[in-house]
Amino acid sequence: MITIGVLAYIPTARHRELLERTLASLAVQIGAPRFQTVLVDNGNVDGDGQSGTSKWLEALAQRYGALYVRRENREIAAARDLVMHGESYGEARFVGFVDSDVEVPPGWVASMVAELDRDLDLVAVASSNRPPRGESAFEEALGALFQVPWNYLGSPQALQQTGGFRDVDHLSSCAVLYRREAVFEVGGYDSRFTVVCEDLELSRRLRQVGKLRLLGVQPVIHRQDRGEFGWWRRMYRYGWGQIEVMRKHPDTILSLKGALVPLFFVGGYLARKAAGGDEGPFFLALSLYLLLSVGGVFVCNRSRSLAALLRASVLTIGTHVAYVLGMLAGVTEFGRNPPSATPPSDA
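Participant: Is there a simple way to explain the pattern of salt bridges in this structure?
Facilitator: Any two side chains of opposite charge can pair, on the condition that their charged atoms come close. Taken as a whole and judged by the stated rule, the model has 19 salt bridges. Between R70 and D41 there is a salt bridge, with its nearest N and O atoms 3.1 Å apart. Taken together, the positions of R70 in strand β3 (residues 67-71) and D41 in strand β2 (residues 35-42) put the pair 29 residues apart, joining distant regions of the chain. Judged by relative accessible area, D41 falls into the buried class, the value being 0%. A salt bridge links R93 to D117; its shortest N-O distance comes to 3.2 Å. One end of the pair, R93, is in the loop between α3 (76-85) and β4 (94-98); the other, D117, is in helix α4 (residues 108-118), with 24 residues separating them in the sequence. Under the relative-accessibility criterion, R93 is labelled partly exposed at 45%. Classification of D117 as partly exposed rests on a relative accessible area of 39%. The structure contains a network of salt bridges with shared partners spanning E115, R118, D119, D167, K211 and R213.

Participant: Quick question: what am I supposed to make of the packing of aromatic side chains here?
Facilitator: Two aromatic rings are characterised by how far apart their centres lie and by the angle between their planes. Under the criterion given, the structure shown has 4 aromatic pairs. Ring geometry for F97 versus Y189: centroids 6.2 Å apart, planes at 80 degrees, classification edge-to-face. Taken as a pair, F97 in strand β4 and Y189 in the loop between α6 (180-185) and α7 (198-206) lie far apart in primary sequence, 92 residues in all. As far as the burial class goes, F97 and Y189 line up, both buried. On the numbers, 6.0 Å between centres and 80 degrees between planes, the contact of Y236 with W240 is edge-to-face. Highlighted residues: Y236 and W240, both in helix α8 (residues 227-248), separated by 4 residues, approximately one helical turn. For Y236, a relative accessible area of 28% gives the class partly exposed. An aromatic cluster of at least three residues, connected via ring pairs, comprises F97, Y178 and Y189. If you follow R16 out to its NZ or CZ, it ends over the ring of W56, 4.5 Å from the centre. Taking the ring centre of F97 as reference, the NZ or CZ of R80 above it sits at 4.8 Å.

Participant: Please explain the pairing of strand β1 (residues 2-8) as it appears in this structure.
Facilitator: A regular strand places its side chains so that they alternate between the two faces of the sheet. Among the 7 residues in β1, 7 count as buried, and that is most of the element. Neither face of β1 is left uncovered, since the one carrying I2, I4, V6 and A8 and the one carrying T3, G5 and L7 both have all their residues buried. Relative to β2, β1 runs parallel, the two sharing 7 bridges. In the sheet register, L7 faces β2, and the bridge partner there is V40. Bridging between β1 and β4 involves 4 bridges; their strand directions are parallel.

Participant: Sorry if this is basic, but what is going on with α4 here?
Facilitator: Helical geometry: 3.6 residues make up each α-helical turn, so side chains three or four residues apart lie on a common side. Within α4, 8 of the 11 residues are buried, which leaves it mostly tucked inside the rest of the structure. Every buried residue belonging to α4 is among W108, V109, A110, S111, M112, V113, E115 and L116, and all of these are buried.

What counts and what doesn't
Residues numbered from 1 in each chain as written. Predicted model: local features only at pLDDT ≥ 70, side-chain atom pairs only at ≥ 80, totals over all residues. Heavy atoms only, no water. Salt bridge = Lys/Arg side-chain N within 4 Å of Asp/Glu carboxyl O. Helix = DSSP H or I, 4+ residues; strand = E, 2+ residues; numbered from the N terminus. Buried < 20%, exposed > 50% of the residue type's maximum accessible area, 1.4 Å probe, protein only. Phe/Tyr/Trp six-rings, centres within 6.5 Å; stacked < 30°, edge-to-face > 60°. Lys NZ or Arg CZ within 6 Å of the ring centre and 35° of its normal. Pairing = 2+ DSSP bridges.

Here you go:
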């Protein structure tokens, strides 16, 4: 038995549409062993206190053959643990998660299960993801950003990969399948990670008992319907969450050194400025770093229009700045996670 959890937070009609696509894609899997989809209503309450959204979610789950589970808050680690520990839908060998804005291809479940069965040293497997093509100018710009290897800020699934596989330090839970007994062996999710990076923190402990693998086959479509400012807010939260993980697992710094490069430049600049020293070298290095990031957008996306490249360049600069600001906030605000207003599908 296999369990696939989908955590649903539905603040807008657009999120309803995306969730329907997610459940529809899971309902048409080809060649997959029997699995149960669990739709977690993660704290949806309408303005009048009566959750019409919850009723809609329950009906949607029934339509797609999913099990409906209701939670009263949106703490993401606790919601994932609810799926992981659920006994009412059988003793699952594998437990996975697909975010409510992700569309998986028809062979996704079968390929993930086959990889876990093929290599018993694996404790988790996931596939790379990409924005949809031709649906919005923002997602086209995001796709251009992630064509540049040094722009993905430590996220292995964002780095474009076609075919094959590679073993990685951590996996996002946007489309992942875990070996359930391994997750139990390391103690499950850390409930202190209520908003972001609960999957990164779990990966650090899972690496102690097995391998994490990213497949280049069966890439999923991850729709980021937030626009630039919504994306930058998300990157700010991820930067903060990365620092929280590093506090708990100092060795994470070695595996995420690429994500720390912009923080090094900005932190060095601020430290030199505060000490009354010459901050010029750090300012120059940071400028060159951003120039390299923007230049990479143009070099790696030469077939795109000039307007698309300019938008991708603005998105790139804002992404790095927001990420660094989040990291700086994490350094100066120890022991706190980002504000809990974040939809769980952001994880």
